[in-house]
Protein chains: 2
Amino acid sequence: MPDSGTAPIDFYFDFSSPYGYLMAEKIDAVAARYGRKVKWHPILLGVIFQASGARPPADGISSKGKYMLADFHRSARYMGIPYNPPSRFPLPTQNAARAYYWLHGQDCGLARQFAHAIYRALFVDDLDISSPDTVLEIAAKLGVDRDALTAALQSPEMKNRLREEVDQALKAGVFGSPHVIVDGEAFFGADRLPQIEKWLETGGF
Amino acid sequence: MPDSGTAPIDFYFDFSSPYGYLMAEKIDAVAARYGRKVKWHPILLGVIFQASGARPPADGISSKGKYMLADFHRSARYMGIPYNPPSRFPLPTQNAARAYYWLHGQDCGLARQFAHAIYRALFVDDLDISSPDTVLEIAAKLGVDRDALTAALQSPEMKNRLREEVDQALKAGVFGSPHVIVDGEAFFGADRLPQIEKWLETGGF
């Protein structure tokens, strides 16, 4: 087991999570300032909510739901991150997540580029990232072989891999997105980024 | 109607809300830096949750509930505010809220001191602020007449006043605590304090 203070940071997120996107745009740079790497774990919030009894926070109808739609946008402006409210929200993300894990098995840098491209496709360019075609298109632009990825998206191996990742996230206590774990300490929400930074700086406070 | 940019900031909170306490310790000073006053509105979250269909976020049992208990404490440390996890939580706060409105009718500065004293009694000294005796004791230390306050806590006027304040909060879209409204813009959670400050500084971003 790595020493406390040098192990990778775990970053759990769903590709349809606006706050996950905000965290994704910042977490690697924050970690790097303290010599730390980040392990990204795309998961499926629908499964997490069902297993944990939690409910999706942003229904868009209740006072809280309407507030959250506005807060996604305002928080993005506050953090200096481009954001256009997507017309499809929330939406299923298993194709994007399976593609991520398949790419990660071959080239982790490429998988990271792909994750950023998927998030920006949804939250900047308003593309339907639930569609396999969109996922293939985004990957192809990064030089990924379409036929190989098409096969991977349907393979039992990648379906199992994603299922195992979601199970592992539940075991780690993940209940939402983004959920970041630093040396056993959990931080939920993009708004916990300043606390994560202070934790990394001081080793706990 | 006051001009935008000079009207008081509305601060809605429940006396049993840990994040409400954290906001209460900071909001007046932040507002004052931009020449703004804050109007405090103690409300009853139980009524708000029932009316809005929301659920109390911190059950202490689920992964999320356990996380929140830890996050209350860590957020207090992060903000430099003393915090001892209360042994009674959550607890009813109608006596404290009625006392607040009664005191406010007489001396708004005294009401503010009382609100701080109630919050610190719960979140620093672990006192049972649901009890009328504790509320009377805390008020008496600030020079308030016990008999007059005892009568006020049971008066139809103060019961109505609190009911009206909660109704008004619901109409204003309040769904939790703390909930701060600056010139029509809502901010939910103690973690939105930096956004509130930037909003006050820039007039919106």
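What counts and how
- Residues numbered from 1 in each chain as written.
- Chains lettered and ligands numbered in written order.
- Predicted model: local features only at pLDDT ≥ 70, side-chain atom pairs only at ≥ 80, totals over all residues.
- Heavy atoms only, no water.
- Pairing = 2+ DSSP bridges.
- Helix = DSSP H or I, 4+ residues; strand = E, 2+ residues; numbered from the N terminus.
- Axes fitted to C-alpha atoms, helices over the stretch in contact; angles between N-to-C directions.
- Contact = heavy atoms within 4.5 Å.
- Buried area = accessible area lost by both parts, 1.4 Å probe.
- Salt bridge = Lys/Arg side-chain N within 4 Å of Asp/Glu carboxyl O.
- Nonpolar A, V, L, I, M, F, W, Y, C, P; charged D, E, K, R; others polar.
- Parallel < 35°, antiparallel > 145°, perpendicular 65-115°, else oblique.
- Least-squares fit on C-alpha atoms with pLDDT ≥ 70 in both.

Residue and element names in this part refer to chain A. The four strands lie next to each other as E2-E1-E3-E4, forming an open sheet whose pairing is mixed. Of all strands in the sheet, those bounded by a partner on one side alone are strand E2 (38-42) and strand E4 (185-188). On average, each strand axis in the sheet is tilted by 20° relative to the strand beside it, whichever way the strands run. Alignment of strand E1 (residues 9-13) against strand E3 (residues 179-182), held across three bridges, turns out to be antiparallel. For Asp10, the partnering residue across the bridge sits in E3 and is Ile181.

The next point concerns the interface of chain A and chain B. Counting from both sides, the interface comprises 25 residues of chain A and, opposite them, 25 residues of chain B. For the chain A and chain B pair, buried surface summed over both sides reaches about 2,500 Å², with 51% attributable to carbon and sulfur atoms. It is Tyr67(A), Arg74(A) and Tyr78(A) that lose the most area in chain A upon contact with chain B, and together they represent 26% of the buried surface on that side. Here Arg74(A) and Glu185(B) are joined by a salt bridge, their closest N and O atoms 2.8 Å apart. Elements supplying a minimum of two residues to the side of chain A that touches chain B: helix H4 (63-79), E4 and helix H10 (193-202) of chain A. Looking at the side of chain A that touches chain B, the element that brings in the most residues is H4(A), giving eight residues. Taken together, the residues of the side of chain A that touches chain B break down into 11 nonpolar, five polar and nine charged.

Attention now moves to the packing of H10(A) against helix H4 (residues 63-79) of chain B. In contact at an axis separation of 11 Å, H10(A) and H4(B) are set at 75° when each is read in the N-to-C sense. Overall, the two elements H10(A) and H4(B) adopt an arrangement that is roughly perpendicular. Contact with H10(A), carried on its side by Pro194(A), Gln195(A), Lys198(A) and Trp199(A), involves Asp71(B), Arg74(B), Ser75(B), Arg77(B) and Tyr78(B) of H4(B) and no other residues of that element. Residue composition of the contact of H10(A) with H4(B), grouped by class: three nonpolar, two polar and four charged.

Another point: the relation of the copies chain A and chain B. You can overlay chain A on chain B at an RMSD of 0.0 Å; the transform is a turn of 180° with a shift of 0.0 Å along its axis. In symmetry terms, the pair is related by a two-fold rotation axis. Within chain A, the C-alpha atom positioned nearest to the axis of rotation is that of Asp191(A), 3.3 Å from it. Residue by residue, 100% of the interface of chain A is reproduced at the interface of chain B, so both copies engage with the same surface.

A word on the environment of Ile181(A). Residues and elements named next belong to chain A. Examined against the element boundaries, Ile181 turns out to sit in strand E3. Ile181 sits 15 residues away from Ile196 along the chain, and the two C-alpha atoms are 9.1 Å apart. In contact with Ile181, other than residues within four places in its own chain, are Ile9, Asp10, Tyr12, Ala172 and Ala186.

Once that is clear, we can look at the packing of helix H5 (residues 94-106) of chain A against helix H9 (residues 156-171) of chain A. Pairs of packed helices are described in terms of their axes, by the angle between the two and the distance that separates them. Residues and elements named next belong to chain A. Put simply, H5 and H9 touch, their axes get as near as 9 Å, and they point 100° apart. Taken together, H5 and H9 sit at an angle that is classed as roughly perpendicular. Taken together, the residues of H9 that come into contact with H5 (itself represented by Gln94, Ala97, Arg98, Tyr101 and Trp102) are Met158, Lys159, Arg161, Leu162 and Glu165. Looking at side-chain class alone, the contact of H5 with H9 contains five nonpolar, one polar and four charged residues.

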